[in-house]
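Here is how the chains run, residue by residue.
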Amino acid sequence: FYATDAYLNKYGKPKNIEELREHSILLYSKDDLKNNIINSIPKLTCNNIEILLELCKRNQGILFAPDFLAKKYEDEGIIINYSKTLFNSDLYFYATTPYGSRVPKKVELFLNSLKQHFSNYH
């Protein structure tokens, strides 16, 4: 989800998906409607990213598009990726092993690889 600071300041920053549905959504793909990713009627659905980005830059809504299409504009500071704020929630991962018995080496290696992989996420 991408938007400008001006849009978010004017219409408010959605704190969750329910509040996001109250905003003007600019949607890149009809497939997202079929998959029920966004459960609301978008202001515009279009397969031309340039049109959608131009509307987003002009504070006309929140753009829902793949990151690789909007990355250039995010890097230039024209729009911001609001997904990180909207979906910033803690992720917990638990693994249990039998009490009092030795953990098999392959399980130990697997758990260590998970720890290493997820240690990069804050």
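Thresholds applied
Residues numbered from 1 in each chain as written. Predicted model: local features only at pLDDT ≥ 70, side-chain atom pairs only at ≥ 80, totals over all residues. Heavy atoms only, no water. Helix = DSSP H or I, 4+ residues; strand = E, 2+ residues; numbered from the N terminus. Buried < 20%, exposed > 50% of the residue type's maximum accessible area, 1.4 Å probe, protein only. Contact = heavy atoms within 4.5 Å. Areas by Shrake-Rupley, 256 points an atom, 1.4 Å probe, with all protein chains shown as cover. Salt bridge = Lys/Arg side-chain N within 4 Å of Asp/Glu carboxyl O. Polar contact = N/O pair within 3.5 Å; in protein donor to acceptor, adjacent residues only side chain to side chain. Phe/Tyr/Trp six-rings, centres within 6.5 Å; stacked < 30°, edge-to-face > 60°. Lys NZ or Arg CZ within 6 Å of the ring centre and 35° of its normal. Core = buried A, V, L, I, M, F, W, Y, C linked by side-chain atoms within 4.5 Å.

Enquirer: What is the right way to read the overall build of the chain from this model?
Expert: A tally of helices and strands in the chain yields seven helices and five strands. Of the regular secondary structure in the chain, the N- to C-terminal order runs β-α-α-β-α-β-α-β-α-β-α-α. Classification of the 122 residues of the chain by burial places 30% in the buried group. Considering only contacts within the chain whose residues lie at least 6 apart along the sequence, 54% involve residues at least 24 apart. Carbon and sulfur atoms provide 52% of the accessible area of the chain, an area that totals close to 8900 Å².

Enquirer: When you look at the pattern of salt bridges in this model, what are you seeing that I'm missing?
Expert: Pairing between side chains of opposite charge can happen when the charged atoms of each approach one another. Applying the stated criterion across every chain, the model contains three salt bridges. Of the charged contacts, one joins Lys57 and Glu54 as a salt bridge, the two residues approaching to 3.3 Å between their closest N and O atoms. Here the residue Lys57 and the residue Glu54 both occupy positions in helix α4 (residues 49-57), the gap between them amounting to three residues, near one helical turn. The residue Asp75 makes a salt bridge to Lys71 at a minimum N-O spacing of 3.0 Å. On the criterion of helical spacing, the pair formed by Asp75 and Lys71 is a turn pair, its members being four residues apart in helix α5 (residues 67-75). Take Lys71: its relative accessible area is 40%, and that puts it in the partly exposed class. Sharing partners across several salt bridges, the network here consists of Glu54, Lys57 and Arg58.

Enquirer: Just checking my understanding: could you explain the side chain of Thr4 for this structure?
Expert: Its location among the elements puts Thr4 in the loop between β1 (2-3) and α1 (5-11). Since its relative accessible area comes to 4%, Thr4 is described here as buried. At a separation of 2.3 Å, a polar atom in the side chain of Thr4 contacts the side chain of Asn59. Aside from chain neighbours lying at most four places away, what touches Thr4 is Cys56, Lys57, Asn59, Ile78 and Ile79.

Enquirer: Whenever I open this one, the packing of aromatic side chains confuses me. Can you help?
Expert: Pairs of aromatic rings are described using the distance from one ring centre to the other and the angle between the two planes. With the rule as written, the count across this model stands at two aromatic pairs. Between Phe1 and Phe64, the aromatic rings sit 4.6 Å apart at their centres with planes inclined by 35 degrees, giving tilted as the arrangement. Taken together, the residues span a long stretch of sequence, with Phe1 in the segment before β1 and Phe64 in strand β4 (residues 62-64) at a distance of 63 residues. Residue Phe1 is classed as buried on the basis of its relative accessible area of 7%. Taking relative accessible area as the criterion, Phe64 reaches 15% and is therefore assigned buried. Seen from the ring of Tyr73, Lys72 lies directly overhead, with NZ or CZ sitting 5.5 Å from the centre.

Enquirer: For this particular structure, what's the right way to read the nonpolar core?
Expert: Generally speaking, nonpolar side chains in soluble globular proteins are found buried as a group. Membership of the largest hydrophobic core is limited to 12 residues, which are Tyr2, Leu26, Cys46, Ile49, Leu52, Leu53, Cys56, Leu63, Ala65, Ala70, Tyr73 and Ile79. Among the secondary structure elements, those contributing two or more residues to this core are α4 and α5. At four residues, the largest contribution of residues to this core is made by α4. Counting residues in each nonpolar core, the second largest holds 10 residues, with Ala3, Leu8, Leu27 and Ile62 among its members.

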